[in-house]
Amino acid sequence: MHEMSIAMNIINIACKEAEKDGASSISKIELDVGKLSGVMIDSLNFCYDAVCKGTMAENSTLSINEIPALARCKNCQHSFEIDAFMALCPMCESYEIDILQGRELKLKAVSVNE
Ligand SMILES: [Zn+2]
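S.K.: Quick rundown of the side chain of Ser60? Include the residues and the values.
M.R.: Looking at where Ser60 falls in the secondary structure, it is placed in the loop between α2 (41-52) and β2 (61-67). Here Tyr48 takes part through its side chain, which lies 2.6 Å from a polar atom of the side chain of Ser60. Polar side-chain contacts of Ser60 include one of 2.6 Å to the backbone oxygen of Ala57. Setting aside residues up to four positions removed in sequence, Ser60 forms contacts with Ile26, Ser27, Lys28, Tyr48 and Cys52.

S.K.: Talk me through the coordination of the zinc ion; I want residue IDs and the actual numbers.
M.R.: Summarising the metal site, the zinc ion is bound by the protein donors Cys73 (SG), Cys76 (SG), Cys89 (SG) and Cys92 (SG), whose distances to it range over 2.3 Å. Around the zinc ion sit four donor atoms; with metal-centred angles ranging over 105 to 117°, the donor geometry is tetrahedral. All donors of the zinc ion come from a single chain, and their spacing in sequence reads C-x2-C-x12-C-x2-C. With a gap of 16 residues between them, Cys76 in the loop between β3 (69-73) and β4 (79-82) and Cys92 in the loop between β4 and β5 (97-101) connect regions that are remote in the sequence.

What counts and how
Residues numbered from 1 in each chain as written. Predicted model: local features only at pLDDT ≥ 70, side-chain atom pairs only at ≥ 80, totals over all residues. Heavy atoms only, no water. Helix = DSSP H or I, 4+ residues; strand = E, 2+ residues; numbered from the N terminus. Polar contact = N/O pair within 3.5 Å; in protein donor to acceptor, adjacent residues only side chain to side chain. Contact = heavy atoms within 4.5 Å. Donors = N, O, S within 2.8 Å, 3.2 Å for Na, K, Ca; no water. Tetrahedral: all angles 85-135°; square planar, octahedral: opposite > 155°, others 65-115°.

The values are spatial; any link to function lies outside them.
This is how it looks when you write it as structure tokens:
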């Protein structure tokens, strides 16, 4: 499962950070997940709890900020929200767009217990 390896990665990085800070455990991990990142949030939440067991992140909370996807039309410069990679500009119906955001998958913050 895709989300399982993502969860393992996130927890690995977070545990290393927490260790560096001399923390005893992790209380919360915050993630930015773009709408076009291909990550299923429900599935990630489910995997997270399983992967946390036995690590410094056991019993921690996963907080996900869902980032909306935005594109800008190359033709008329109009910016608009999209929900797929292929989208038409609502102003001029051009399909030549730049995706500005929505592909994020990044660890935003790790909260630890001293
Ligand atoms: Zn346009």
